[in-house]
Amino acid sequence: MDTKLEEDTGKTRSRREMANAIRALSMDAVQKANSGHPGLPMGMADVASVLFADFLKFDAGSADWPDRDRFILSAGHGSMLLYSLLYLCGYEDMSIDEIQNFRQLGAKTAGHPEYGYAQGIEMTTGPLGQGIATAVGMALAEKKLAAEFGDDIVDHYTYVLAGDGCLMEGISHEAIDFAGHLKLAKLIVLFDDNGISIDGSTRLTTSMNQLARFEAAGWDVAYIDGHEPVAIADAIARARESDKPSLIACKTVIGFGAPNKQGTATTHGAPLGEDEIVQARKSLQWSSPAFEIPDQILRNWRDRGIRGAQQRRDWQTRLEALPVARRQSFEAMLRGDLGADFDSCISKLKQRFSVEQPTLATRQSSQQVLESLLSTVPGLLSGSADLSGSNGTRPANAVSLNHADFSGNYVHYGVREHGMAAAMNGIALHGGYIPLSGTFLAFADYSRPAIRLGALMKQRVVHVMSHDSIGLGEDGPTHQPVEQLASLRAIPNLLVFRPADAVEVAESWECALTEKDSPSVLCLTRQAVPTLRDQHRRENLTARGAYLMREPHGKRKATLLATGSEVEIALQAADMLAKFGIEVAVASMPCWEFFERQSPEYQRIVLGGECRVAIEAASPMGWDRWLGKRSGIVSMTGFGASGPAAGLYEHFGITARAVHDEVRRLLQI
């Protein structure tokens with residue numbers, strides 16, 4: 001045997017032994033937990049071992065190194081693959097105890113990977129398709145940051161391990177089409193092509209030629225034996241040289257190594273069983289007891305975990321060699337700083353709106369705010385789902401980026417709300433940019449799974465959603481949101497803003513950008529509304545969540561609670577009631593989530609006594625938490641209709657007269 005062949009044979013044997021360590025840990029952890037998915041980790045262990053051992057750029061001792069490669073386990077049910085890799089590579093907080101506590105309460109090794117639980121987990125995955133779509137945003141951020149600072153500082157790949165389910169989900173179409181269009185060449189998807197889903201063979205549900213599909217979207221494609229280390233390495237090496245994103249379809253056997261169950265759906269989501277694990281150990285020639293890795297194999301993995309340390313140090317040297325201002329700019333963008341002029345920018349906008357008293361749709365005042373912010377906040381990256389003019393997310397100083405020129409600050413996401421929302425999560429997770437984009441509020445349902453995941457991962461992402469009620473008028477009930485506000489407010493850690501005027505719009509933007517651990521939704525009107533606050537105040541009243549916009553001249557007999565365009569209706573109703581000597585307070589409630597954070601004393605001041613009436617052109621669901629024993633709601637009770645906005649408010653009884661009548665009914669006056 002010649003020397004080269006000996007080297008190749010030895011390397012192949014080493015990779016297979018390293019892969020078997022993943023298989024052993026995975027099957028043992030799932031068995032101990034009596035819960036989990038051993039099939040994917042055992043099937044994709046060969047691919048993962050080659051990727052981590054030979055290609056992935058990382059330093060286990062510095063997990064947050066900005067120029068590391070990203071590894072996304074889109075098929076998050078195979079979480080033991082990732083946890084095994086993190087333990088084997090020597091990530092400090094992934095101990096063998098954590099592996100043994102797989103799926104137990106409080107463990108870092110949750111059933112699906114949870115961002116923030118352990119180093120090396122780049123995002124929360126589990127909902128299929130989210131990983132590949134979020135990875136598109138990471139690759140986009142990498143390409144844009146490299147265009148701005150050069151590939152000496154930014155030069156890394158995003159690898160995705162995706163399964164059949166990820167590619168069946170509709171979001172995958174949006175993601176691969178968008179990535180191909182932008183030529184995100186440093187995005188490489190490793191497809192676990194095992195032909196098995198929970199119900200059995202994928203032939204039950206799909207006849208899709210995935211290679212042809214990806215190729216049609218502008219990707220490079222390859223088909224390999226996912227258990228042959230040399231073929232795996234060659235395919236990844238070729239993909240890294242492509243000027244397109246790449247799909248590598250890895251033909252694998254699910255549950256590889258379990259002699260009686262491999263290749264079947266029984267290995268997908270259930271423990272193998274003690275007897276089958278005994279047989280698997282024989283099949284894999286793995287004699288070590290559960291949760292024990294032979295010293296030499298563990299050393300091979302640990303050596304790989306620290307091999308990237310020198311690359312990181314070299315990178316740090318290059319970063320420190322940059323001109324001071326340029327290095328500080330890069331570091332500030334990675335931190336997500338808002339810039340030295342952010343506070344004064346917001347203050348000037350509020351002051352101008354208070355003085356000029358414009359009558360504008362809040363989507364229009366939002367566009368004016370955004371125009372100032374794009375010139376002030378480094379790293380602000382805007383976009384829209386083909387609704388740029390309607391949402392107001394593309395002001396005059398926005399510059400569109402394209403596959404050949406990533407210097408712009410505006411992304412045309414196309415009609416891909418779900419993919420857009422996921423990509424924004426990826427941009428935020430990657431670091432360097434603060435993503436925002438627009439669509440209609442009625443289409444929040446397209447974006448919801450990604451919005452929910454962003455809230456779970458505590459990512460600062462701003463979703464601008466205009467046309468927020470029946471006030472959009474003639475487009476009718478398909479476009480008029482009714483239930484969306486209530487359903488968005490139900491998502492934990494999501495901030496939902498519905499500003500009443502231009503001043504509250506500016507304050508909402510300030511809140512959305514300063515809250516680093518929460519995504520936000522800005523719900524904006526299509527119809528014009530007057531500016532309601534004519535006295536400039538430096539304090540951000542929206543940050544209180546709710547506040548008294550009008551206080552009674554005498555004893556308060558009732559409180560009118562409203563959001564958005566209905567605050568004007570509440571003020572009109574207060575004027576009507578005052579003519580009859582009925583003094584009421586009007587509270588604007590632009591953000592319920594912030595109001596929930598306020599002290600009980602402050603909440604009592606705003607809400608007043610028991611007589612309260614809520615006004616919102618949306619579902620009444622959720623308002624009961626703010627209402628007293630004597631209360632009423634003026635709201636929508638069903639879908640909207642097509643017609644001019646003013647007529648629709650009359651038709652559905654969301655008027656000052658209706659509020660006036662409800663207050664008098666409650667007070668029995």
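Residues numbered from 1 in each chain as written. Predicted model: local features only at pLDDT ≥ 70, side-chain atom pairs only at ≥ 80, totals over all residues. Heavy atoms only, no water.

**Side note on the pairing of strand β6 (residues 220-225)**
The cut-off we apply is this: At least two bridges found by DSSP between two strands is the condition for calling them paired. Secondary structure is summarised from DSSP: a helix means a run of H or I of at least four residues, a strand means a run of E of at least two, and numbering begins at the N terminus for each. Crossovers are marked right-handed if the path from the first strand over the helix to the second runs clockwise, as seen with the strands pointing away from the viewer.
The pairing of β6 with strand β7 (residues 246-251) spans six bridges and is classified as parallel. Residue A222 lies in a different strand from β7, and its bridge partner there is I248. In this fold, β6 hands off to helix α10 (residues 229-240), which returns the chain to β7; that crossover is right-handed.

**Details of the packing of aromatic side chains**
Worth spelling out the cut-off: Between rings of Phe, Tyr and Trp, where Trp is taken as its six-membered ring, a pair exists when centres lie within 6.5 Å; planes separated by under 30 degrees are stacked, by over 60 edge-to-face, and by other angles tilted. The rule for a charge over a ring is simple: NZ of Lys or CZ of Arg within 6 Å of the ring centre, and within 35 degrees of the ring normal.
Enumeration according to the criterion identifies 17 aromatic pairs in this entry. One residue, K186, lies across the ring of Y157, its end atom 5.8 Å from the ring centre. The aromatic ring of Y87 is capped on one face by R302, whose charged end is 5.0 Å from the ring centroid.

**Here we look at helix α21 (residues 566-578)**
How we decide: Given the number of residues in a helix, its expected span is that number minus one, multiplied by 1.5 Å. When a residue's accessible area, from a 1.4 Å probe over protein chains only, is under 20% of the maximum for its type it is buried; when over 50% it is exposed; and in between it is partly exposed. By definition in these notes, contact holds between two residues if any of their heavy atoms fall within 4.5 Å.
Over its 13 residues, α21 extends 18 Å from the first C-alpha to the last, a length consistent with the 18 Å expected when each residue adds 1.5 Å. Taken together, the buried positions of α21 are occupied by E566, V567, I569, A570, L571, A573, A574 and L577. Buried residues along α21 sit against β16 (547-550), β17 (558-562), β18 (584-588), β19 (612-616), α24 (645-651) and α25 (656-667).

**Notes on the pattern of salt bridges**
The criterion, for reference: The salt bridge definition used is simple: a Lys or Arg side-chain nitrogen within 4 Å of an Asp or Glu carboxyl oxygen.
If you walk through the whole model with that rule in mind, you get 26 salt bridges. For E662, the salt bridge identified is with R665, shortest N-O distance 2.7 Å. Placement of the pair is E662 and R665 together in helix α25, with a separation of three residues, close to one helical turn. Salt bridges sharing common partners tie together E142, D155 and K186.

**Structural notes on the side chain of H268**
Structurally, H268 is set in the loop between β7 and α11 (274-284). Setting aside residues up to four positions removed in sequence, H268 forms contacts with G36, H37, P38, G39, H77, I198 and I254.

**Concerning unusual backbone geometry**
At R103, a residue that is not glycine, the phi angle is positive and equals roughly 65°. Its place among the elements puts R103 in the loop between α5 (96-100) and α6 (130-149). Assessed through its relative accessible area of 27%, R103 is described here as partly exposed. Here K183, not a glycine, exhibits a phi torsion of approximately 50°, which is positive. Structurally, the position occupied by K183 is in the loop between α8 (170-181) and β3 (187-193).

**Some thoughts on the environment of R238**
Along the chain, R238 turns up in helix α10. Classification of R238 as exposed rests on a relative accessible area of 53%. Through-space distance from the C-alpha of R238 to that of A222 is 9.3 Å; in sequence the pair is 16 residues apart.

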